[in-house]
Amino acid sequence: MEDYEPAESDSSRIGLTLETYILEGMLGRREARGYFTSLLNQLALAAKMITSRVRRAGLVNVLGTTGDTNATGDVVQKLDQEAHETLLRVLGRRNHCAAAASEEEEDIRVLSTAQSAQYLVVFDPLDGSSNIDVNISIGTIFGVYRKDHDGPATQADFLKPGRELQAAGYVIYGSSTQFVITTGGSVHGFTYDPSVGEFLLSHENIRVPVHHATYSINEGNAGRWAPGVKRWNEWVKEENPTQGRPYSSRYVGTLVADAHRTLLRGGLFAYPADAKNPEGKLRLLYEANPFAFIFEAAGGVATTGQARILDLQPTTLHQKVPLILGSKRNVAEFLRFTDEP
Ligand code: P6P
């Protein structure tokens, strides 16, 4: 990952469009290159197109499922498929993206063999799609790698540790649509203004608070957790006002929503391994790695409980991984229990 100058927070920049922020290299890149800049703007365009469909989901007949299941066995919602196809179509237009790996497809999709196609994109087109029909926040997650050889992209090109990401981000389709992105130096949030059709800078240089008395985990899995996770879960709920416990529990069931809240407010999100999901449930390439890259850039931590997420060497496109994500002190509290024999 190249050395970046973290962007200073400058209120005069609030309201700048995402496109301007990228074009003027304000994501903290020393040498913003045309191809990379264009690729990020293509991702922003795809986000606008998906936003317009998500916002009308209740009105246009796109709710419900296609009847298919995707590469990872999840039931495909119509909007999943639309978001997937939108991202592939937009990324395939400018010959800067050589190939994409999506949650919705078993293998990679080669998009260009042009010399200018120097990047690879991983994405979950619509995370939390089971929440679409009940109007709960959903999101898109993406990561950008550089293709480091000539010739067509192959699946092996995507099996890079997350620390080699060049950019990562997500879009949350919530009470407003927000686009959060980092190229490694600092993390910035842009809020969509439908009246002008632009993402406007609203959260410059996001930093994860060092601690917050909130935890986010599906406690319905408690009976399947390892003993250390169970002990941590009891500790956060103990009545101990002098130590600020019990913590508050917040769980949406959409990774993008739970991670976004944790990024802005602090605390801890955990989807640990359990007896039913011994490798965890979340996907390394297009869920855990992009969020790990974002959280570390914002001063947070992302671990499996045993290893730094960004150091993991992927072996398959859709492999699962336990994910513990959040504020430094909250993650340290969690590991204190799970590191015990
Ligand atoms: P559970 C949504 O289906 C998802 O992939 C993530 O967005 C979310 O964090 C997780 O699964 C929720 O899983 O088992 O708590 O419903």
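Residues numbered from 1 in each chain as written. Predicted model: local features only at pLDDT ≥ 70, side-chain atom pairs only at ≥ 80, totals over all residues. Heavy atoms only, no water.

## Some points on the sheet that holds strand 13 (residues 268-271)
Which entries qualify depends on this criterion: For two strands to count as paired, DSSP must find a minimum of two bridges between them. Each helix is a run of H or I in the DSSP string that is no shorter than four residues. Each strand is a run of E no shorter than two, and both are numbered from the N terminus. Every residue pair with non-hydrogen atoms within 4.5 Å of one another is taken to be in contact. Helix axes are fitted to C-alpha atoms over the stretch in contact, other axes to C-alpha atoms as well, and angles between N-to-C directions run from 0 to 180 degrees.
Taken in spatial order, the 5 strands of this open sheet run 12-11-13-17-15, and their pairing is mixed. The open sheet has two free edges, formed respectively by strand 12 (248-249) and strand 15 (301-303), since each of these has just one partner strand. Against the sheet, helix 6 (residues 284-297) contacts strand 15 and strand 17 (323-326), and its axis sits at roughly 25 degrees relative to strand 17.

## Here we look at the domain arrangement of the protein chain
We apply this condition: Residue ranges labeled as domains rest on an automatic or database domain assignment. Reported buried area values correspond to the accessible surface (1.4 Å probe) lost by two parts on association, with both partners' losses combined. Think of a polar contact as two N or O atoms within 3.5 Å of one another; within protein, one of them needs to be a possible hydrogen donor and the other a possible acceptor, and neighboring residues in sequence only count if both atoms come from side chains.
When the domains of the protein chain are assigned, the result is domain 1 (11-203) and domain 2 (214-338). Residue-level contacts link 48 residues of domain 1 with 30 residues of domain 2. Interface area for domain 1 against domain 2, summed over the two sides, is near 2,800 Å², with a carbon-plus-sulfur share of 67%. The three residues of domain 1 that bury the most area against domain 2 are Leu159, Arg163 and Tyr170, which together make up 21% of that side's buried surface. Counting across the interface, domain 1 meets domain 2 through 12 residue pairs in polar contact (both at pLDDT 80 or more). Within the residue set of the side of domain 1 that touches domain 2, elements represented by two or more residues are strand 3 (97-102), strand 5 (119-127), strand 6 (138-146), strand 7 (167-173) and strand 8 (177-182).

## Observations regarding the site of the ligand
The following threshold applies: A single heavy atom is enough: if one lies within 4 Å of a molecule or strand, its residue is considered near that molecule or strand. Here the open area of atoms and residues is found with the Shrake-Rupley method and a 1.4 Å probe, where only the protein chains shown may cover a residue. Amino acids are sorted into nonpolar (Ala, Val, Leu, Ile, Met, Phe, Trp, Tyr, Cys and Pro), charged (Asp, Glu, Lys and Arg) and polar (every other residue, Gly among them).
Close to the ligand lie Asp127, Gly128, Asn218, Tyr251, Gly253, Thr254, Leu255, Phe269, Tyr271, Lys281, Leu282 and Glu287, which account for all nearby residues. Interatomic distance of 2.9 Å between a side-chain N/O atom of asparagine 218 and an oxygen atom of the ligand. For the ligand, the accessible surface in isolation is 400 Å², of which the surrounding protein chains cover 78%. Residues of the shell around the ligand, tallied by class, amount to 5 nonpolar, 4 polar and 3 charged.

## Describing the sheet that holds strand 8
Read from one edge of the open sheet, 8 strands run 4-3-5-6-7-8-9-10, paired in mixed fashion. Among the strands making up the open sheet, the edge pair consists of strand 4 (109-110) and strand 10 (198-203). As paired strands, strand 5 and strand 6 are joined by 7 bridges and run antiparallel to one another. What sits directly across from aspartate 124, in strand 6, is isoleucine 141.

## Focus: the side chain of histidine 96
In this fold, histidine 96 is placed in the loop between helix 3 (78-91) and strand 3. Only 2.9 Å separates the side chain of histidine 96 from the side chain of serine 38, close enough to count as a polar contact. Setting aside anything within four residues of it in sequence, one finds histidine 96 in contact with Tyr35, Ser38, Leu39, Ser116, Ala117, Gln118 and Tyr119.

## Looking at the packing of helix 4 (residues 227-237) against helix 7 (residues 328-338)
Short version of the rule: If an angle is under 35 degrees, it is roughly parallel; if it is over 145, roughly antiparallel; if it lies from 65 to 115, roughly perpendicular; otherwise it is oblique. By convention the crossing between two helices is left-handed if the near helix lies anticlockwise of the far one by an angle smaller than a right angle, and right-handed if it lies clockwise.
One can describe the packing of helix 4 onto helix 7 by two numbers: an axis separation of 7 Å at closest approach and a directional angle of 130 degrees. By the angle between their directions, the pair helix 4 and helix 7 is classed as oblique. In this structure, helix 4 crosses over helix 7, and the sense of that crossing is right-handed. Residue-level inspection shows Gly228, Val229, Arg231, Trp232 and Trp235 of helix 4 in contact with helix 7, the latter providing Glu333, Phe334, Arg336, Phe337 and Thr338. A per-class count over the contact of helix 4 with helix 7 returns 5 nonpolar, 2 polar and 3 charged.

## Regarding a nonpolar patch on the surface
For clarity, the cut-off: Surface patches are drawn from residues lacking salt bridges whose relative accessible area is over 30%; two like charges belong together within 9 Å, two nonpolar side chains (Val, Leu, Ile, Met, Phe, Trp, Tyr) within 5 Å. For this document, the term salt bridge refers to a Lys or Arg side-chain nitrogen within 4 Å of an Asp or Glu carboxyl oxygen. Summary of the burial criterion: residues with accessible area below 20% of their type's maximum are buried, those above 50% are exposed, and those between are partly exposed, where the area comes from a 1.4 Å probe applied to protein chains only.
Taken together, the side chains of Val134, Ile136 and Val252 make up a nonpolar region of the molecular surface, amounting to roughly 220 Å² of accessible area. Locating valine 134 in the fold gives a position in the loop between strand 5 and strand 6. The class for valine 134 is exposed, based on a relative accessible area of 53%.

## Remarks on helix 3
Short version of the rule: Here the expected length of a helix is defined as 1.5 Å per residue gap, with one fewer gap than residues.
Taking 1.5 Å per residue, 14 residues should reach 20 Å; helix 3 reaches 20 Å between its end C-alpha atoms and fits that length. Looking at helix 3, one finds that the buried residues are Leu79, Asp80, Ala83, His84, Thr86, Leu87, Leu88, Val90 and Leu91.

## Quick look at unusual backbone geometry
Of the consecutive residues arginine 245 and proline 246, the connecting peptide bond is found in the cis state with omega at 10 degrees. When you line up the elements, proline 246 lands in the loop between helix 4 and strand 12. At asparagine 95, a residue that is not glycine, the phi angle is positive and equals roughly 60 degrees. Asparagine 95 sits in the partly exposed class, given a relative accessible area of 33%. Positive phi values are uncommon outside glycine, yet asparagine 205 reaches one of about 55 degrees.

## So, the environment of arginine 336
Inspection of the secondary structure assignment puts arginine 336 in helix 7. Separated by 147 residues in the primary sequence, arginine 336 and glycine 189 have C-alpha atoms spaced 32 Å apart.

## Concerning the pattern of salt bridges
According to the stated counting rule, one finds 11 salt bridges in the structure shown. Between arginine 109 and glutamate 105 there is a salt bridge, and its shortest N-O distance comes to 2.4 Å. A relative accessible area of 34% means that arginine 109 is categorised as partly exposed. The partner of glutamate 238 in a salt bridge is arginine 245, with the nearest N and O atoms 2.7 Å apart. Look at the salt bridges and you will find they share partners, linking Arg163, Glu296, Arg308 and Asp311 into a network.

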